[in-house]
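Notes for the structure review
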Amino acid sequence: MSDFLKKEDYQEPCCPLDMNQGNERINTRRMINTLDAYLDKNDYASAERHLKYWNNEAESLKDYHGKLTVANEQIGLYRKIGKEKECYESINEALKLVVWLDLQDTITYGTTMVNAATGYKSFHKPDKAMPLYRKAQEVYEKTLTEDDGRLGALYNNMALALCEIGEYEEAEAYYFKAIEIMKKQENGELEVAITYLNLIDLAVAKQGHEQAEEKMDAYITKAEKLLNTKSIPRNGYYAFVCEKCAPVFGYYGYFLIENDLKNRAREIYERNRTV
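Residues numbered from 1 in each chain as written. Predicted model: local features only at pLDDT ≥ 70, side-chain atom pairs only at ≥ 80, totals over all residues. Heavy atoms only, no water.

With respect to the overall build of the chain
Tallying secondary structure elements over the chain gives 12 helices and zero strands in all. For the chain, the α and β elements follow one another from N to C terminus as α-α-α-α-α-α-α-α-α-α-α-α. Expected size for 275 residues packed as a compact globule is a radius of gyration near 19 Å; at 19 Å, the chain falls within 12% of this value. A buried classification covers 49% of the 275 residues belonging to the chain. With an accessible surface of roughly 13400 Å², the chain has 48% of that area assigned to carbon and sulfur atoms. Distance between charge centres in the chain, computed from 37 positive and 46 negative side chains, equals 3 Å. (Helix = DSSP H or I, 4+ residues; strand = E, 2+ residues; numbered from the N terminus. Rg over C-alpha atoms; globule rule 2.2 N^0.38 Å. Buried < 20%, exposed > 50% of the residue type's maximum accessible area, 1.4 Å probe, protein only. Areas by Shrake-Rupley, 256 points an atom, 1.4 Å probe, with all protein chains shown as cover. Lys, Arg positive; Asp, Glu negative; His and termini not counted. Charge placed at Lys NZ, Arg CZ, Asp CG, Glu CD.)

This is the structure in structure tokens:
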């Protein structure tokens with residue numbers, strides 16, 4: 001099976017009894033906007049330094065809501081750049097904070113569970129990921145509307161973890177639930193394309209390469225068409241998706257599509273670095 005889409009504390013842990021929150025808060029909007037600018041340029045080193053800085057700022061202000069926001073962003077960053085130890089440290093920090101801040105049954109709790117689970121899943125620990133996804137599912141399905149994009153993302157990620165433990169029928173059901181939700185979202189074509197590529201992996205794992213060939217061709221065609229949607233902004237996220245999808249096309253023998261997507265990603269990153 002292809003493996004391309006299996007799409008922090010930097011100080012000593014604080015004693016909960018010493019977590020007296022201050023009145024000042026870090027500027028999370030500014031933090032996230034600057035982080036996005038680094039990611040648009042594929043500048044992961046600067047993104048990592050940036051998050052370390054804001055983690056220290058939140059710590060100095062005793063802003064533990066801010067620290068939770070930073071920890072969630074660090075999970076995603078370390079997952080992307082393959083820093084396993086640091087990712088686990090960020091997961092532990094986020095899980096500690098979301099409980100201490102008494103955020104259970106909130107969207108923030110659900111989102112933190114999703115981020116933590118996806119961090120574990122990216123390093124092939126579905127046994128640790130699935131209980132966290134189930135917690136997120138409980139909160140999301142109780143709190144969000146049925147067509148909320150966060151539910152679609154959750155179902156897609158749950159399906160990936162289920163595939164890894166061989167629960168193919170349940171995984172397939174969640175993939176199609178994800179597609180139904182994500183195709184209703186603005187620019188949701190990218191997420192739907194990713195899900196179709198994930199469905200190829202599932203079909204091959206379940207049926208074998210030869211038996212899954214018909215489904216493979218159908219899903220490849222759908223994914224390529226979605227990635228070519230003209231209305232999608234050609235921004236850093238589009239480049240990231242092209243970069244991550246390209247090897248999947250190559251893995252299954254679609255080398256021209258692979259090269260085209262890699263070139264698109266490179267051109268966008270180069271353009272963003274000159275802005």
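Brief notes about the environment of Gly-119
Looking at the element boundaries, Gly-119 is found in helix 5 (residues 107–122). The spatial distance from the C-alpha of Gly-119 to the C-alpha of Ala-129 is 7.9 Å, given a sequence separation of 10 residues. What Gly-119 contacts, discounting residues up to four positions off in sequence, is Ile-75, Arg-79, Cys-87 and Ile-91. (Contact = heavy atoms within 4.5 Å.)

Some thoughts on the layout of surface pockets
Considered as a void within the structure, the second largest pocket measures approximately 160 Å³ in volume. Every residue lining the second largest pocket is listed: Glu-141, Leu-144, Thr-145, Glu-146, Asp-147, Leu-151, Tyr-155, Lys-177, Glu-180, Ile-181 and Lys-184. Counting only elements with at least two residues in the lining of the second largest pocket, the list comes to helix 7 (149–164) and helix 8 (168–182). Counted by class, the lining of the second largest pocket contains four nonpolar, one polar and six charged residues. (1 Å grid on protein atoms, 1.4 Å probe; cavity = no way out; pocket = protein on both sides within 12 Å on 5 of 7 lines; lining within 4 Å. Points joined across faces, edges and corners; volume = space filled by probe spheres on them. Nonpolar A, V, L, I, M, F, W, Y, C, P; charged D, E, K, R; others polar.)

Description of a negative patch on the surface
There is a patch of like negative charges on the surface, built from Glu-210, Glu-213, Glu-214 and Asp-217. Topologically, Asp-217 is positioned in helix 10 (residues 213–227). (Patch = residues over 30% accessible without salt bridge, like charges linked within 9 Å, V, L, I, M, F, W, Y side chains within 5 Å. Salt bridge = Lys/Arg side-chain N within 4 Å of Asp/Glu carboxyl O.)

Some words on the nonpolar core
Residues Tyr-133 and Phe-249 are the most contacted members of the largest nonpolar core, which totals 89 residues. Counting residues per element, this core draws most heavily on helix 9 (residues 189–207), at 11 residues. If near-sequence neighbours (up to four positions away) are discounted, Tyr-133 is found in contact with Val-114, Ala-117, Thr-118, Lys-121, Leu-154, Asn-157, Met-158 and Ala-161. (Core = buried A, V, L, I, M, F, W, Y, C linked by side-chain atoms within 4.5 Å.)

Some details on the pattern of salt bridges
Within the structure shown, the criterion is met by 16 salt bridges. Note that Asp-63 and Arg-25 form a salt bridge whose closest N and O atoms lie 3.4 Å from each other. One end of the pair, Asp-63, is in the loop between helix 2 (44–61) and helix 3 (64–81); the other, Arg-25, is in the segment before helix 1 (28–40), with 38 residues separating them in the sequence. The exposure class of Asp-63 is buried, given its relative accessible area of 2%. Measuring nitrogen to oxygen at the nearest pair gives 3.4 Å for the salt bridge that ties Asp-105 to Lys-142. One end of the pair, Asp-105, is in the loop between helix 4 (84–100) and helix 5; the other, Lys-142, is in helix 6 (residues 126–143), and 37 residues separate them in sequence.

Quick word on the packing of helix 7 against helix 8
Running from N to C, helix 7 and helix 8 point in directions that differ by 160°, and their axes come no closer than 8 Å. With respect to helix 8, the element helix 7 is oriented roughly antiparallel. Helix-helix and strand crossings are classified by hand; for helix 7 and helix 8 the assignment is left-handed. On helix 8, the residues touching Gly-149, Leu-151, Gly-152, Ala-153, Tyr-155, Asn-156, Met-158, Ala-159, Leu-160, Leu-162 and Cys-163 of helix 7 are Tyr-168, Glu-170, Ala-171, Tyr-174, Tyr-175, Lys-177, Ala-178, Ile-181 and Met-182. Here the contact of helix 7 with helix 8 is composed, by residue class, of 15 nonpolar, three polar and two charged. (Axes fitted to C-alpha atoms, helices over the stretch in contact; angles between N-to-C directions. Parallel < 35°, antiparallel > 145°, perpendicular 65-115°, else oblique. Left-handed = near helix turned anticlockwise from the far one by under 90°.)

Digging into the side chain of Glu-59
If you trace the backbone, Glu-59 turns up in helix 2. The exposure class assigned to Glu-59 is buried, which follows from its relative accessible area of 15%. Reaching out from Glu-59, the side chain makes a polar contact with the side chain of Lys-67 at a distance of 3.1 Å. (Polar contact = N/O pair within 3.5 Å; in protein donor to acceptor, adjacent residues only side chain to side chain.)

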